[in-house]
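The lines below spell out each chain.
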Amino acid sequence: MTRSGTPPVALTIAGSDSGGGAGIQADLATFAALGVHGATAITAVTVQDTTGVHQVHHVPVEVVLAQVHAVLTDLRPTAVKTGMLGESGIVRSLGALAADGLLPQLVVDPVLVSTSGHRLAGRGVVASLREHLLPHADVITPNTNEAAVLLGCHPPASLEEQSAQARALLELGCTAVVVTGGAFARSPGSHGGSNHVQRTDVVATARGVRVLAGHEIDTSNDHGTGCTFASAIAGSLATGRPLDAAVQAARSFVRQSLQRSASWQLGRGRGPVSHLGPRGRCERDEPDLHPRNTRTQQPT
Ligand SMILES: Nc1ncnc2c1ncn2[C@@H]1O[C@H](COP(=O)(O)OP(=O)(O)OP(=O)(O)O)[C@@H](O)[C@H]1O
Ligand SMILES: Cc1ncc(CO)c(N)n1
């Protein structure tokens, strides 16, 4: 019997970002914000900050698997998210666990390259993802560049091409695909703020394709959006939400996090999004301490 007040558990299998904006750190902060206990299996240690990735050290596959087994056996997560896996041996081993049904409600964020352009995946990872892990995922969340690499095509130049990517990835065997991060000019006459770029996420399932669109939030603090989005889906699934609702909730969570960090100045580069909720805003300090970044935000 479960004691009252016990939170749901989600497991993230991902790399560490020393800057705290992406990877394991973003995942745990997201789970906590959603009221979910986060457990971890660390696949790599990156030396990283807001300016880029400076070093990557991979964790041996047997150590990754030992972490996963310990968590699965003792804490019994109800959802699992993978992020940076780094090496094809890790991808293949997790694929075998997923094929045996041991990774419940599996969200795979196929992390290949950081926003700063640093390769986060070694040789053979793309092929291993396609063959061994993606077919067993409940949902995969590539951004448009990752989707292009997985499909061997160019990044999409239009919403139609982004939608075609999502449909094509569904053929790999996963239950749902969300291709994130489309940024296309908005058609004249549409509503929602003065900004002219639409950010689009395209969801494909056997039932069809859905486009989720909203105006672009004007900020340079967007480090970790992809990790935050995928872990918010996993966290929501862990709490019992169905997939459609989990994707919607994750989008809202990321947009709020971007809005809240828009006036921050953490680090010298692309700062992290805020996982702190309303507490992340220190109104008293904003006018004096953050003069560099004072653009006003449009409502969502
Ligand atoms: N400036 C923005 N305005 C509105 N939504 C955004 C913005 N940047 C990212 N998003 C949203 O954040 C989510 C994940 O974004 P994206 O695809 O850009 O992640 P990513 O490139 O994988 O990120 P990272 O590699 O930094 O973790 C999507 O829902 C996307 O639409
Ligand atoms: C550890 C890690 N995982 C994922 C990403 C992608 O944002 C990153 N920059 N670092």
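Here, the structure is the one placed above.
Everything in this summary refers to the structure shown in the same document. Keep in mind it's a predicted model, so treat the numbers as computed, not measured. (Residues numbered from 1 in each chain as written. Chains lettered and ligands numbered in written order. Predicted model: local features only at pLDDT ≥ 70, side-chain atom pairs only at ≥ 80, totals over all residues. Heavy atoms only, no water.)

1. Here's the deal with the site of ligand 2
Part 1: Near ligand 2, the surroundings consist of Gly-15, Ser-16, Ala-22, Gly-23, Gln-48, Met-84, Val-111, Ser-114, Leu-120, His-223 and Cys-227.
Part 2: Residue Gln-48 places a side-chain N or O atom 2.8 Å away from a nitrogen atom belonging to ligand 2.
Part 3: Protein contacts shield 93% of the accessible area of ligand 2, which totals 290 Å² for the unbound molecule.
Part 4: Residue composition of the shell around ligand 2, by class: 5 nonpolar, 6 polar and no charged. (Near = heavy atom within 4 Å. Polar contact = N/O pair within 3.5 Å; in protein donor to acceptor, adjacent residues only side chain to side chain. Areas by Shrake-Rupley, 256 points an atom, 1.4 Å probe, with all protein chains shown as cover. Nonpolar A, V, L, I, M, F, W, Y, C, P; charged D, E, K, R; others polar.)

2. What to know about the sheet that holds strand S5 (residues 106-108)
Part 1: Spatially, the 9 strands line up as an open sheet ordered S3-S2-S1-S4-S5-S6-S7-S8-S9, and their pairing is mixed. The sheet is open, and its two borders are formed by strand S3 (52-58) and strand S9 (208-215), each paired with just one other strand.
Part 2: The sheet contact formed by strand S1 (residues 9-17) and strand S4 (residues 79-82) spans 4 bridges and is parallel. Counted as the bridge partner of Ala-10 is Ala-79 from S4.
Part 3: Here helix H1 (residues 23-33) sits on the sheet and contacts S1, strand S2 (37-49) and S4; the angle it forms with S1, its principal contact strand, is near 150°. (Pairing = 2+ DSSP bridges. Helix = DSSP H or I, 4+ residues; strand = E, 2+ residues; numbered from the N terminus. Contact = heavy atoms within 4.5 Å. Axes fitted to C-alpha atoms, helices over the stretch in contact; angles between N-to-C directions.)

3. With respect to the environment of Gly-152
Part 1: Turning to its location among the elements, Gly-152 is positioned in the loop between helix H5 (144-151) and helix H6 (159-170).
Part 2: Separated by 23 residues in the primary sequence, Gly-152 and Thr-175 have C-alpha atoms spaced 21 Å apart.

4. Quick notes on the site of ligand 1
Part 1: Around ligand 1, the structure places 17 residues, and the nearest of them are Thr-115, Thr-180, Asp-201, Ile-217 and Gly-226.
Part 2: Contact between ligand 1 and Ile-217: a nitrogen atom at 2.8 Å from a main-chain N or O atom of the residue.
Part 3: Protein contacts shield 90% of the accessible area of ligand 1, which totals 630 Å² for the unbound molecule.
Part 4: Those elements giving two or more residues to the shell around ligand 1 turn out to be strand S7 (176-185), strand S8 (197-205), helix H7 (225-238) and helix H8 (243-261).
Part 5: Per-class residue counts for the shell around ligand 1 are 5 nonpolar, 7 polar and 5 charged.

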